[in-house]
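Take a look at the letters that make up each chain.
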Amino acid sequence: MITRLALQNYGPITAIEWDRLGPINLVIGANGTGKTTILKALYSAVRTVEEYLRGDDRTPVDELLAAKLKGVFQPDKLGDLVTKGTKEPLVCLLELTGQQADANGYLKYRFGAHTTRSLPDVEWGYALASRDINSIFLPAKEVLSLHKIILKSRLLDKLNGFDDTCLDLAVALNTSPRPGDQGSVVASARKKLGAIIGGKVAYDDESKLWYFQQGRFKYLIGLTAEGIKKIGILDVLLGNRYLTPGSTVCIDEPEAALHPKAISQLFDVIADLALGKGGEGIQFFLASHSYFVINKLYLIAHQKNISIPVLYEEDGQWQRADLRHGMPTNSIIEESVQLYREEVELLL
Amino acid sequence: MITTTTAIMESGMTFGPYPAGHCWHIEKSRVYASNQQGVKMAEFLLLRDNAIWIVEAKSSSPRPEGRQSFDRFLHEMQQVMHNALWLFLGVRLGRHGPEALGDLPVAFQSVNLATIGFKLVLVINGHKPEWLLRLRNSLACRLMANMRALGLQESTIFVLNDAMARQKGLIQ
């Protein structure tokens, strides 16, 4: 589980210090404030940690990290990630814990605006290699209908365009299912996800195409609603066990393409997965500018009596709050108050 | 008949006066007086704009951060609204006898129960605007089953502060 993320001079982010992270964590802010950057910074760091010394791969951690940053952000040179106009270096610190003490560790790196390809200053905790779990980033845009194109474009044609969040997801969707018992939490979550969309998203080995199966009928993925694809992807990643307890899931704009009822139901499933069984579940990081999402998580924090840390932007500064202790005050909340005033005016 | 055309003072706010026969001071009704043991009750019912407003007034509300006190408050408000709704329906259906039905203002006796709207309105004196929606949503969650059982929408639940209540002409 990720317990702390600290960033300095990271693209639009001047400084954030986010610790005491929980099973579900929320980043909120208006468009262009850097929500997605925070999630991508976190994702590139945690994937580096997970891939380091995996299997027979002996790529040094600094090379893995540099490749991941280039893949996720696709800058011309790494120094382009440093906040414009500052002479200070970009700094990122990620701290993690696991169920076993030897799974605890950290990754810290820094570099300046002139850094091109290799990272000069990377520190990491000694036990990082003990991780055998996978994290994923679910971008706002769906990837199922572009699945083949993403793989060909990045792996064969070596073209930029689809970043590593899309590529990793496309690869993860291709992962063969692992045998064994999924556990009651995942089985229940998959059942609920299936109920939300009224079917299953699956891959046809013969036609090499994704499709949506609803009862006896199969629908082309191109004819399937965006929201169904989005929820279907999570089900596929649970089904093939790419995601397991200990995984981190970053979801950018979870509200995109989903009906409010489906958002509410999806978040109930997320809460189940996050709390897991016996205390270890899948950790979620969500970036949103939807009051509906904030309010749903606020209710979950109270219903489940869990901490839901929030990072929110206000007047150019990133602040911390916890939904268990109340709603943060920012422009999204203020807009909701205004909407409520209008609702009262209209309906009462 | 216990109706009020005079103002109702409650929780530091002055409600009304409302048009004669359009307000039923349920908390002061004889039927409630004889059935009140252990039954929390709203202040009054107001017939307005083809809907019955069930109005409860409070001088303050605990913040959601104090979970136990907030939960207790929500539970109390759920009881208040639920009981007021059911007591009105019980009286209107004649289950409390002809005397209780006779105490009900004539306008309330003649509303069509199948089509009349219901609005559950909690007014909290001095409540911060940014707390209202959270409280409304939390209360709506609590009342969801009660509302659905009667074929009502949760969207008919409102939490107002004194400024909004004044704007809606509910208080002076």
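Coordinates for the structure precede this section.
Residues numbered from 1 in each chain as written. Chains lettered and ligands numbered in written order. Predicted model: local features only at pLDDT ≥ 70, side-chain atom pairs only at ≥ 80, totals over all residues.

Engineer: For this particular structure, what's the right way to read the sheet that holds strand 9 (residues 209–214) of chain A?
Structural biologist: Strands in a sheet are paired, the pairing made by backbone hydrogen bonds, and the direction either parallel or antiparallel. Residues and elements named next belong to chain A. Taken together, three strands build an open sheet; the order of strands is 8-9-10 and the sheet is antiparallel. Two strands lie at the open edges of the sheet, namely strand 8 (200–204) and strand 10 (217–220), each paired on one side alone. Mean inter-strand twist for the sheet, computed between neighbouring axes without regard to direction, equals 40°. Looking at chain direction, strand 8 and strand 9 are connected through five bridges and run antiparallel. Considered in strand 9, the bridge of V201 is made with F212. Across the sheet, helix 6 (residues 226–239) lies against strand 8 and strand 9, angled at about 70° from strand 8, the strand it touches most. (Pairing = 2+ DSSP bridges. Helix = DSSP H or I, 4+ residues; strand = E, 2+ residues; numbered from the N terminus. Axes fitted to C-alpha atoms, helices over the stretch in contact; angles between N-to-C directions. Contact = placed C-beta atoms within 7 Å.)

Engineer: I'm lost on the pairing of strand 14 (residues 317–322) of chain A in this one. Help?
Structural biologist: Side-chain direction in a regular strand flips from residue to residue, so the side chains alternate between the two faces of the sheet. Residue and element names in this part refer to chain A. Both strand 13 (residues 309–314) and strand 14 contribute to a ladder of six bridges, which runs antiparallel. Across the sheet, residue E314 finds its bridge partner in strand 14, namely Q317. In textbook terms, the turn of a hairpin is the stretch between consecutive antiparallel strands, and for strand 13 and strand 14 this stretch comprises two residues, one of which, D315, has a positive phi near 55°.

Engineer: What's the story with the packing of helix 7 (residues 260–275) of chain A against helix 8 (residues 291–303) of chain A in this structure? I'm lost.
Structural biologist: The packing of two helices is summarised by the inter-axis angle and the distance between the axes. Residues and elements named next belong to chain A. Here helix 7 crosses helix 8 at 40°, and the two axes come no closer than 10 Å. Relative to helix 8, the element helix 7 is oriented oblique. Crossing of helix 7 against helix 8: the hand is right-handed. Mapping the contact onto sequence places P260, I263, S264, F267 and A271 in helix 7 and F292, V293, K296, L297 and I300 in helix 8. (Parallel < 35°, antiparallel > 145°, perpendicular 65-115°, else oblique. Left-handed = near helix turned anticlockwise from the far one by under 90°.)

Engineer: Where do I start with the environment of N134 of chain A in this structure?
Structural biologist: Residue and element names in this part refer to chain A. You can see N134 is positioned in the loop between strand 6 (121–124) and strand 7 (136–138). Judged by local crowding, N134 falls into the buried class, with 23 C-beta atoms found within 10 Å. Remark: the alpha-carbon pair of N134 and L243, spanning 109 residues in sequence, is separated by 6.1 Å. Discounting chain neighbours no more than four positions away, the residues touching N134 are E50, A172, Y242, L243 and S247. (Buried ≥ 20, exposed ≤ 12 C-beta atoms within 10 Å, placed from the backbone.)

Engineer: Any chance you could explain the nonpolar core here in plain terms?
Structural biologist: Most often, soluble globular proteins have nonpolar side chains that are buried together. Formed by 103 residues in total, the largest nonpolar core has its most connected members in I38, L42 and L297 of chain A. In this structure, V31, F44, M81 and L133 of chain B belong to the second largest nonpolar core, which totals 55 residues. (Core = buried A, V, L, I, M, F, W, Y, C linked by C-beta atoms within 7 Å.)

Engineer: How should the interface of chain A and chain B be read in this particular structure?
Structural biologist: You'll often see interface size given as the accessible area lost when the parts meet. The partner chain B presents 17 residues to the 15 residues of chain A that form the contact. At six residues, helix 9 (residues 331–347) of chain A tops the list of elements feeding residues into the side of chain A that touches chain B. Among the residues forming the side of chain A that touches chain B, the class breakdown is nine nonpolar, six polar and no charged. (Nonpolar A, V, L, I, M, F, W, Y, C, P; charged D, E, K, R; others polar.)

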